[in-house]
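Chain by chain, the residues:
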Amino acid sequence: MRKQLCLFIFLLSAIHICKGDQGPLEGDLFLPTRDDLVAPSTSGIVENVNNVPGTAPILPGKSRYNADGLSIIDGDGSVTETTTTSWFDDLANSFTGVLFGILMIVFGLPLLWFNERHSVETEKVIKEGLRICKETSENNLDSNLNGQLVHVSAQANNPKIISDKKFGITAENSARLNRRVEVYQLKELKSSTTTKNQIGGGSTTTSNYTYEHIWSETKIDSFNFKNEAHKAANNNVKLIFSSHTFDAEEVNVGQFKLRPTQISRLNNFQRIQLNSNSAILSKEAKEELNKAGWSNYVVSIDENYLYIKKNHNTTEIGDIRISFQRVPLEWITVVALQNGRSLEPYNIKEQGLKEGKGDEEAGYCSGIGDSLDSCCWTYCCCIKCMSSLLATQETIDWIYEKKMTKKEVFDSELKSNTFITILLRILGFFLISFGIYLLFSPIIALLSIIKILGDIVSFAVLLASMLIGFALSLLIVGIAWVFYRPLLALALVAIGGLIWGFVYFAGGDDKLD
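As a starting point, this report considers the structure included with it. Keep in mind it's a predicted model, so treat the numbers as computed, not measured.

## With respect to the overall build of the protein chain
Helix and strand counts for the protein chain come out as 11 helices and 21 strands. Taken across its 513 residues, the protein chain has 40% of its residues classed as buried. Taking the contacts inside the protein chain whose residues are at least 6 apart along the sequence as the reference set, 73% of them involve residues at least 24 apart. Per element, the accessible surface of the protein chain, about 28900 Å² overall, is 60% carbon and sulfur.

Laid out in structure tokens, this is it:
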């Protein structure tokens, strides 16, 4: 058997080496030579588009090699790069895939487990909150409700004006004022096509790098740009101004006052309409422009943007545009702990929600789950990490930017919890499935020396991995339900047993007939 395996590998290697001595097969991609790129110019106009010292200018309608000698710069500034990988390269890289596969499975399994725990305990907190939550009047403070979880829904207001003094923008009766600064820059876009060799393994990848001008709030990293001229242009971009959000010092909801952390969670931003008199550069803003070397510039307003350009007629790399948004104060609903006029986080466990109190099933499950978690922590750090990420949120401090009843608030939180649970179940399933698939990467790479054979095996392994991943996911969720939802798990087992018994006995009657 060992001799046959060695002979098989020797034959695969021989095929690969022989293929390397042949010319390119039909359908293969290859890098043209310098002679292929020499074509007469139709216009005779020579323009050094890249403006990079030591590189030849681009002739209209022509292409030329980049400074690295491996990629091609087209006349429109895009760059084409061709790379090849051999069968041995794919085989070696497949073992990296195995490591990633192991990591995906290691994280996927505990994700499913702790997701079920998080779902049950979060649902428990929400239902207990609904049971103890009290309605309070928006006009009168009830001191008897201090220290209790309350529901408040009222029209909000801010007696003070929020202002951005640097640009002369103000916002009345608003919770927040946002300044968004964007700079005109180049962005590199990559598109790739890979062609696998029919025989001999390996592949050829052709990558095309194109560039577009965009407004970006952050400086685009051009260190790895393939086009040297575009790299240099973006490197010269300066972020003179920065985006900033100004929060109101005081926001009142009826008789209550919101805390700063609650104000910062209000995000119903609306664009501020600008006109020729609404935005003015302050002395501080002008000084910052001068320090950045902008001695001559043009300020204009167009489509609710404040533009600061070097040239009025054109938009150049480095030009600035600024927009402003505010959060208008309308109806706000809050569920939190009443403490005088303040609405603070309500810790539901500290206030009396104990395991087993009002929900013996959930408390019993939580105790078992916690002991199991403690055991697992000593063996795998990733389980500890997952447990921390999916820790139960024990505090209630909810805020909505609309009018809602108490029931509507708690129903919304339950729906959010269900959505997150389903989303994480799907994520866990895909992590496990593709992790299993990657475990077979060396076998797929080994057989890909014949393309059609590698494709068939790859599809078969993918299908089998999805089935195994689905079965494992159901198993993990089912076991978790035994700990966290025992009554529901037993009910499902009973229903499944009844269905199986019905099918069995029905089939038995057919056999007797």
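This is not the end of the story, as more comes after the structure.
## A closer look at unusual backbone geometry
Trans peptide bonds make up the majority, and among non-glycine residues the majority have a negative phi. Phi at Asn173 is positive, roughly 45°, even though this residue is not glycine. Here Asn173 is to be found in the loop between strand S7 (169-171) and strand S8 (174-196). The class for Asn173 is partly exposed, based on a relative accessible area of 34%.

## Focus: the environment of Asn236
Residue position: Asn236 is located in the loop between helix H3 (228-235) and strand S10 (244-247). Remark: the alpha-carbon pair of Asn236 and Ile317, spanning 81 residues in sequence, is separated by 8.8 Å.

## With respect to the packing of aromatic side chains
This structure, assessed with the given rule, holds 12 aromatic pairs. With 6.0 Å between their ring centres and 55° between their planes, Tyr305 and Tyr307 make a pair best called tilted. Neither residue differs from the other here; Tyr305 and Tyr307 are each classed as buried. Among the aromatic residues, ring-to-ring pairing joins Tyr184, Trp215, Tyr305 and Tyr307 into one connected group. Above the face of the Tyr305 ring, Arg271 is positioned so that its terminal group lies 4.7 Å from the ring centre.

## A closer look at the nonpolar core
Core analysis: the largest hydrophobic core is formed by 41 residues, its most contacted members being Phe241, Leu258, Ile320 and Ile332. Listing elements by their share of this core, those giving two or more residues are strand S5 (149-157), S7, S8, helix H5 (283-291), strand S15 (305-309), strand S16 (320-328) and strand S17 (331-339). With near-sequence residues (within four places) excluded, Ile320 lies in contact with Val181, Glu182, Trp215, Ile240, Phe241, Leu289, Trp294, Leu306, Tyr307 and Ile308. Leu337, Tyr400, Val409 and Phe410 belong to the second largest nonpolar core, which has 15 residues in total.

## Here's the deal with the pattern of salt bridges
With the rule as written, the count across this model stands at 17 salt bridges. Residues Glu81 and Lys226 are paired through a salt bridge, measuring 3.6 Å at the closest nitrogen-oxygen approach. In this pair, Glu81 is assigned in strand S3 (residues 79-85) and Lys226 in the loop between strand S9 (203-216) and H3, connecting sequence segments 145 residues apart. Owing to a relative accessible area of 15%, Glu81 belongs among the buried residues under this scheme. Lys226 sits in the partly exposed class, given a relative accessible area of 24%. Ionic pairing is found between Lys407 and Asp411, a salt bridge with its closest N-O pair at 2.8 Å. One end of the pair is Lys407 and the other is Asp411, both in helix H8 (residues 406-439) and four residues apart, which spans about a single turn.

## Observations concerning the side chain of Lys231
Mapped onto the fold, Lys231 is located in helix H3. With a relative accessible area of 18%, Lys231 lands in the buried category. Look past the residues within four positions of Lys231 in its chain and what remains in contact with it is Ser222, Phe223 and Phe225.

## Things to note about the environment of Ala445
Here Ala445 lies in helix H9 (residues 441-447). In this structure the C-alpha to C-alpha distance between Ala445 and Val457, which are 12 residues apart in sequence, comes to 9.8 Å. Aside from chain neighbours lying at most four places away, what touches Ala445 is Trp87, Asp90, Leu91 and Ser94.

## A word on the packing of helix H2 (residues 87-132) against H8
Axis separation between H2 and H8 bottoms out at 7 Å; the angle between their running directions is 165°. One way to sum up the angle between H2 and H8 is to call them roughly antiparallel. Considering how the two elements wind past one another, H2 and H8 form a crossing that is left-handed. In terms of residue class, the contact of H2 with H8 is built from 23 nonpolar, 12 polar and five charged.

## A look at the packing of H8 against helix H10 (residues 451-484)
At a closest axis distance of 8 Å, the pairing of H8 and H10 adopts a crossing angle of 135°. As summarised for this structure, H8 and H10 are arranged oblique, according to the angle between their axes. Like other packed secondary-structure pairs, H8 and H10 cross with a definite hand, here right-handed. Mapping the contact onto sequence places Arg425, Phe429, Phe430, Ile432, Ser433, Phe434, Ile436 and Tyr437 in H8 and Ser458, Val461, Leu462, Ser465, Met466, Ile468, Gly469, Phe470, Leu472, Ser473 and Trp481 in H10. Here the contact of H8 with H10 is composed, by residue class, of 13 nonpolar, five polar and one charged.

Here is what the cut-offs are and how they apply
Residues numbered from 1 in each chain as written. Predicted model: local features only at pLDDT ≥ 70, side-chain atom pairs only at ≥ 80, totals over all residues. Heavy atoms only, no water. Helix = DSSP H or I, 4+ residues; strand = E, 2+ residues; numbered from the N terminus. Buried < 20%, exposed > 50% of the residue type's maximum accessible area, 1.4 Å probe, protein only. Contact = heavy atoms within 4.5 Å. Areas by Shrake-Rupley, 256 points an atom, 1.4 Å probe, with all protein chains shown as cover. Phe/Tyr/Trp six-rings, centres within 6.5 Å; stacked < 30°, edge-to-face > 60°. Lys NZ or Arg CZ within 6 Å of the ring centre and 35° of its normal. Core = buried A, V, L, I, M, F, W, Y, C linked by side-chain atoms within 4.5 Å. Salt bridge = Lys/Arg side-chain N within 4 Å of Asp/Glu carboxyl O. Axes fitted to C-alpha atoms, helices over the stretch in contact; angles between N-to-C directions. Parallel < 35°, antiparallel > 145°, perpendicular 65-115°, else oblique. Left-handed = near helix turned anticlockwise from the far one by under 90°. Nonpolar A, V, L, I, M, F, W, Y, C, P; charged D, E, K, R; others polar.

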